[in-house]
Amino acid sequence: MILTQCAFCAVDLGLSLGKKCGRCSTRYCGAACQEQHWKEGGHDKLCKKIKKAGGAEQYNANNKYAEAVAVAAEACAEDTKGQTCYICTQSLHWKTKEGLVRGCACRGTAGFAHVSCLAEQAKILFAEGEENNLGVEVLNARWGRWSDCSLCEQEYHGVVRCALGWACWKTYVGRPERDQVRGLAMTVLGNGLTGANRYEDALSVREAELSMLRRLGASERSVLAVQGNLAVLYEELGRVEEALRMKQDVYAGHLKLNGEDNVSTLMAANNYAATLKDLRRFEETRSLLRRTIPVARRVVGEGDGLTLRMRYTYARALYEDPGAMTLEYLREAVTTIEEIERTARRVFGGSHPLTVEIERFLHKIPSTVRREADLESQVKISV
Ligand SMILES: [Zn+2]
Ligand SMILES: [Zn+2]
Ligand SMILES: [Zn+2]
Ligand SMILES: [Zn+2]
């Protein structure tokens, strides 16, 4: 569950404390709040409706989903003007009247769709896979439809990812807690909220997820994955030292569990390095990345977002380090960042968060330094 507060006074209840409404499962800190909510908070009018929708969690998911779709369609309105959905071929959705979105790497007239159509497709494909026992590989690929565009095969980002996250959660929240798919849906929702910079909301979902996994005695692998995601949120919320400790543990955990040549280990290394850099521990950042970037090139390839992010962090750890401030280092850093920006633009498109982030950083570099670097673009790039 992700509703962790008293519905009336909003005090934090954790995951199992409190008192539930017998009909609709709305949670309260105690009988007093429940009574007041009924008398003054309008619960007398809503209770039936919430019960009918499938209980408090489902009702909340449905509402949040509708809000997130509206936000996404609004944000994409300019980009999607005059286009039609590649799934239902309409401009307005026949039933929900929602507008179109696009939040992947599709260009031109490709990839416009309604969140509802994307969600319906993902739901049907996955259900079909489950019903016919198509095996883990097929199920994984189909599950990917909740986060990746089937046309350009890149992840959705920003508000579109967030809307799909709520769509996914709304679809599977009603399953029993032990059902693995419900847990996966929670992860997708957490990713979506993080992708849309809703860090506080994402944090409460991730914390609920972690405590659920512990309660169910989940595998080390699953716990590490959630801890890794939590650490990212701590950092975004300014709890940097906490983030660093957790990222270090997660990286060590993955190394032990999966070895060096593994995507999860590499992602953990990249996350750890980014925080080391933010704490201006440049030497350690570079040393970690010098070991792991060659592995990333081998395991996921040069054009993969992970490799690009690692190289970007490395270049920043050079550029921002006053101790390494020689002209040669500076040039190496700037040339690398420019090259990564071109690759990111080619692979993900100009509106992708990585491309945008790098571009923003490049703008802050004084033009004199960039000209120097351009002249020297033949300088050998070592990492
Ligand atoms: Zn209360
Ligand atoms: Zn109720
Ligand atoms: Zn559609
Ligand atoms: Zn796409």
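Here's what I pulled together on the structure shown here. Note that the structure is predicted; figures quoted are calculated from it, not measured. (Residues numbered from 1 in each chain as written. Chains lettered and ligands numbered in written order. Predicted model: local features only at pLDDT ≥ 70, side-chain atom pairs only at ≥ 80, totals over all residues. Heavy atoms only, no water.)

### Some words on the coordination of the zinc ion (ligand 1)
Note on metal geometry: ideal angles are 109.5 degrees for four donors arranged tetrahedrally and 90 or 180 degrees for six donors arranged octahedrally. Surrounding the zinc ion (ligand 1) are the protein donor atoms C6 (SG), C9 (SG), C29 (SG) and C33 (SG), which sit 2.3 to 2.4 Å from the metal. Metal-centred angles of 98 to 118 degrees between the four donor atoms at the zinc ion (ligand 1) mark the site as tetrahedral. (Donors = N, O, S within 2.8 Å, 3.2 Å for Na, K, Ca; no water. Tetrahedral: all angles 85-135°; square planar, octahedral: opposite > 155°, others 65-115°.)

### Points about the coordination of the zinc ion (ligand 4)
At the metal site, the zinc ion (ligand 4) is ligated by C104 (SG), C106 (SG), C149 (SG) and C152 (SG), and these contacts range over 2.3 Å. Around the zinc ion (ligand 4) sit four donor atoms; with metal-centred angles ranging over 106 to 115 degrees, the donor geometry is tetrahedral. The motif formed by the donor residues of the zinc ion (ligand 4), counted along the single chain, is C-x1-C-x42-C-x2-C. With a gap of 48 residues between them, C104 in the loop between α3 (56-80) and α4 (115-131) and C152 in the loop between α5 (136-143) and α6 (158-172) connect regions that are remote in the sequence. Looking at C104, the relative accessible area reads 6%, which means it is buried. (Helix = DSSP H or I, 4+ residues; strand = E, 2+ residues; numbered from the N terminus. Buried < 20%, exposed > 50% of the residue type's maximum accessible area, 1.4 Å probe, protein only.)

### Description of helix α9 (residues 220-236)
An α-helix turns once per 3.6 residues; consequently, residues spaced three or four apart project the same way. Compared with an ideal rise of 1.5 Å per residue, which puts 17 residues at 24 Å, α9 spans 25 Å between its outermost C-alpha atoms and is within 8% of the ideal. Among the residues making up α9, those that are buried are V223, L224, V226, Q227, G228, L230, A231, L233, Y234 and E235. Buried-residue contacts for α9 involve α7 (180-195), α8 (199-216), α10 (240-258) and α11 (263-278). Immediately downstream of α9, the backbone of G238 shows phi near 85 degrees, a positive value. (Expected span 1.5 Å × (residues − 1). Contact = heavy atoms within 4.5 Å.)

### Comments concerning the environment of T307
Its location among the elements puts T307 in helix α13 (residues 305-319). On a C-alpha basis, the gap between T307 and R297 in space is 6.3 Å, while along the polypeptide they are 10 residues apart. Setting aside chain neighbours within four positions, we find T307 in contact with A296, R297, V300, G301 and E302. A polar atom in the side chain of T307 sits 2.6 Å from the backbone oxygen of G301. (Polar contact = N/O pair within 3.5 Å; in protein donor to acceptor, adjacent residues only side chain to side chain.)

### Some thoughts on the nonpolar core
Of all hydrophobic cores here, the largest spans 92 residues; its most connected members are W143, W146, W166, W169 and Y172. Leaving out residues up to four positions away in the same chain, W146 has contacts with A119, A122, K123, L164, A167, C168, T171, Y172 and V188. With 10 residues, the next largest nonpolar core counts C6, C47, A56 and Y59 among its residues. (Core = buried A, V, L, I, M, F, W, Y, C linked by side-chain atoms within 4.5 Å.)

### Regarding the pattern of salt bridges
Enumeration according to the criterion identifies 24 salt bridges in this entry. The partner of K45 in a salt bridge is D44, and the shortest N-O contact between them spans 3.8 Å. Of the charged contacts in the structure, one is a salt bridge between D278 and K277, with a shortest N-O distance of 3.4 Å. Owing to a relative accessible area of 44%, D278 belongs among the partly exposed residues under this scheme. One network of salt bridges, with partners in common, ties together K277, D278, R316 and E320. (Salt bridge = Lys/Arg side-chain N within 4 Å of Asp/Glu carboxyl O.)

### Focus on the side chain of N258
Within the secondary structure layout, N258 lies in helix α10. A polar contact is formed between the side chain of N258 and the side chain of R221, at a distance of 2.8 Å. Once residues lying within four places of it in the same chain are set aside, the contact partners of N258 are R221, S264 and T265.

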